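An overview of the molecular structure
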Amino acid sequence: LYVAWQASGWTIGGEWWPQVGTFIVYRVKASGTWGPIQALSPLTHDTSHRLPKAVPMPGGGAYVAYQTNENETDTTSFHLVGRTVDASGVGPIEAISPAGDIFSDETVQLLADGPRVVAVWSARNTTEFLGEGEWQVWASERSAAGVWSQPVEVTERSKLANLNPTAAFYRGALWVAW
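Reading the values: rules and limits
Residues numbered from 1 in each chain as written. Predicted model: local features only at pLDDT ≥ 70, side-chain atom pairs only at ≥ 80, totals over all residues. Heavy atoms only, no water. Buried < 20%, exposed > 50% of the residue type's maximum accessible area, 1.4 Å probe, protein only. Helix = DSSP H or I, 4+ residues; strand = E, 2+ residues; numbered from the N terminus. Pairing = 2+ DSSP bridges.

Quick notes on the pairing of strand E11 (residues 116–125)
Counting buried residues in E11 gives 8 out of 10 residues, a clear majority hidden from the surface. Both strand E10 (residues 103–113) and E11 contribute to a ladder of 9 bridges, which runs antiparallel. Its bridge partner lying in E11, Phe103 is registered against Asn125. Hairpin connection of E10 to E11: 2 residues between the antiparallel strands, including Gly114 at a positive phi of 70°. Taken together, the 8 bridges between E11 and strand E12 (residues 135–142) define a ladder with antiparallel strand orientation. In the strand pairing of E12, Ser122 is matched with Val137.

Put into structure tokens, the structure is as follows:
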């Protein structure tokens, strides 16, 4: 059992991660025993890594995705990253969506179909300041080889609030709703 969550501040007994920032941590339960809390995201001072989602991977382990503002020029803008975690530890950080574009990527949802992982998310146009703004739904697929596709805009550009996407595989097709 793999559990991931966002955390910030100090632990009982002293500082475990930087005092300023929000980070993703995880814990594994194997053979009825919980292991130690470990960092899944980088522990970079004054960054925000948040809202993790996880799916199981074949053969054990999980894939965890989350939003981060690390490497963004605007600290209120986010992009999505993910990585595998299994008994041997965590894999390298993989970019799901690009950093530094005009969209703040949020509310990632994950689903797995064997070794394939699909991410769907809402993205807010950070240059749009009137009304609800401009939100789109995007999707990307991680192949069995561990390579993410270019993100695809599922919705059409509009002044609509396209929020809270979810997805499912049905009869070999990917269905996305929002």
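Moving on, there is more to tell.
Quick notes on unusual backbone geometry
Phi is positive for Thr107, which is not a glycine, with a value near 50°. By the element assignment, Thr107 lies in strand E10. Phi angles above zero are rare outside glycine, and Arg171 is one such case at about 50°. Relative to the helices and strands, Arg171 is located in the loop between strand E14 (166–170) and strand E15 (173–177).

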